[in-house]
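Report on the structure
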Amino acid sequence: MASFIESTDLFDMAEQHPFSDVHFWRDPETQLQAIIAIHSTKLGPAIGGCRMINYPSTHAAMKDACCLAAGMSYKTAINRLPFGGGKAVILKPPHLTDRKALFASFGRFVESLNGRYITAMDSGTTIDDMDVIASQTNHVMCTTTAGLASGDPSPHTAKGVYYGIKAAVKFKLQRDSLVGLHIAIQGVGNVGYALARLLHEDGVKLTVSDPNRQATERLVNEFGVDVVSADDIYSVSCDVFSPCALGQIINADSIALLNAAIIAGSANNQLQTPDMITALTNKGILYAPDYVINSGGVLQIAYLNKPDVVQHKLAALYDTLLDIFIQAERQNSSTVAVANRLAEQILTNSFAGANHE
Ligand code: NAD
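It should be emphasised that the depicted structure is a prediction, and the values quoted were computed from it without experimental measurement.

Definitions and limits used
- Residues numbered from 1 in each chain as written.
- Predicted model: local features only at pLDDT ≥ 70, side-chain atom pairs only at ≥ 80, totals over all residues.
- Heavy atoms only, no water.
- Salt bridge = Lys/Arg side-chain N within 4 Å of Asp/Glu carboxyl O.
- Near = heavy atom within 4 Å.
- Polar contact = N/O pair within 3.5 Å; in protein donor to acceptor, adjacent residues only side chain to side chain.
- Areas by Shrake-Rupley, 256 points an atom, 1.4 Å probe, with all protein chains shown as cover.
- Helix = DSSP H or I, 4+ residues; strand = E, 2+ residues; numbered from the N terminus.
- Nonpolar A, V, L, I, M, F, W, Y, C, P; charged D, E, K, R; others polar.
- Disulfide = S-S within 2.5 Å.
- Buried < 20%, exposed > 50% of the residue type's maximum accessible area, 1.4 Å probe, protein only.
- Pairing = 2+ DSSP bridges.
- Phe/Tyr/Trp six-rings, centres within 6.5 Å; stacked < 30°, edge-to-face > 60°.
- Lys NZ or Arg CZ within 6 Å of the ring centre and 35° of its normal.

Examining the pattern of salt bridges
The full count for this structure, using the stated rule, is eleven salt bridges. Connected through salt bridges with shared partners, the residues R51, D64, K87 and D122 form a single ionic network.

Some details on the site of the ligand
Around the ligand, the surrounding shell holds 23 residues, and the nearest of these are T157, N190, V191, D210 and S266. Take T157: an N or O atom from its side chain is 2.6 Å from an oxygen atom of the ligand. Expressed as a share of its isolated accessible area of 820 Å², the protein-covered part of the ligand is 79%. Looking at the shell around the ligand, the elements with two or more residues in it are α5 (154–173) and α6 (190–201). Here the shell around the ligand is built from residues that sort into seven nonpolar, twelve polar and four charged.

A short note on the state of the cysteines
Counted under the stated rule, the structure contains zero disulfides. Here C50 stays unpaired: no disulfide links it, and the sulfur of C142, its closest cysteine neighbor, is 11 Å away. Taking relative accessible area as the criterion, C50 reaches 0% and is therefore assigned buried.

A closer look at the sheet that holds strand β8 (residues 205–209)
Sheet architecture is open: six strands sit in the order β9-β8-β7-β10-β11-β12, paired in parallel fashion. The sheet is open, and its two edges are formed by β9 (226–227) and β12 (286–287), each paired on a single side. With five bridges connecting them, strand β7 (residues 182–186) and β8 associate as parallel partners. The partner of I183 across the bridge, within β8, is L206.

Quick word on the packing of aromatic side chains
As enumerated under the stated definition, the model contains seven aromatic pairs in all. Ring centres 5.7 Å apart and planes at 40 degrees place the aromatic pair F171 and F325 in the tilted group. Here the residue F171 occupies a position in helix α5, and F325 occupies one in helix α12 (residues 307–330), the gap between them amounting to 154 residues. Ring-pair connections join several aromatic residues into one group, and the members of that group are W25, F106 and F109. Positioned above the aromatic ring of Y193, the side-chain terminus of R218 is 3.6 Å from the ring centre.

Interpretation in functional terms is not warranted from these geometric data alone.
The structure is reproduced here in structure tokens:
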């Protein structure tokens, strides 16, 4: 799976990065400009969060939606879940006047797709927004009571990342315990905070960065972390670098700075371009494929009301990732290539073009 799309032509994009369909919705009364990309519904209805952030252009928003939708297909496939992959993006209005009206309109957009796409929380959206969406459609997760009332997936995502870090440490450093290791976390929002708590409880030394001072101060007070600037987090000499903020942060510049044995974090689409995995491998850095290590939230949704199964599946991410690392070494391949092959085997025959099953 590529993590970028170069062309600006929609059907060229589909060549590079097959998707099923892309839907646009404009509602001037509520300021809503939204895009829903569906990558595959081969294994079931497409699930994927709705993010609302600033985009420099509609093309950038569409590219984000398409890349993220593909990641969701691979994520559900590799976990053998009965869901496909989709994603929604809302172009954040510069001055939003009525948040409820905007999300109600977005709910009508989701409803218009008749269940082909199920939406959820993502960057820039909240449980309250999901509740508003649920007033218009049942095809929504992460609500408090309506639709698929799974609440905030972040603690589960963090737990999955925690198991992924343990697997990477086992493989790369031959250690079962995290005690005394040094981990640098980029971004201590919902996932980063929950991850920091788990790592702190395991005796890990933590260095974090986040432009949100309140977020870093909370970690200083609760876990005694060190804080560095956004620019300095890459060069922290540590065992694990854990990106939990933004996509595309693994690029030529950051790889030159990285001083970690392992990259393992929750951010989606971490590699700026697919060839970054080669640069990481050449530098001897073990990379945990993002859509595998960050699948804890999806597992929670898939096994809603079955907390024991969720915990079991989260712990199983350790084995899935360890196996990917071992296979990559045996096959002299990259961890991303091995994970992609695994996911694609499960999605066999679905990528020849549009797949309106
Ligand atoms: P969030 O918005 O709660 O937290 C992100 C944090 O990153 C914020 O505190 C923000 O201030 C910080 N940040 C922004 N720019 C930064 C920079 N340059 N350097 C350092 N920090 C920066 O988001 P989240 O829910 O914690 O998700 C984090 C990442 O994990 C996102 O990429 C998201 O797509 C991905 N993810 C989240 C989940 C989930 O369950 N929440 C699931 C899968 C993937």
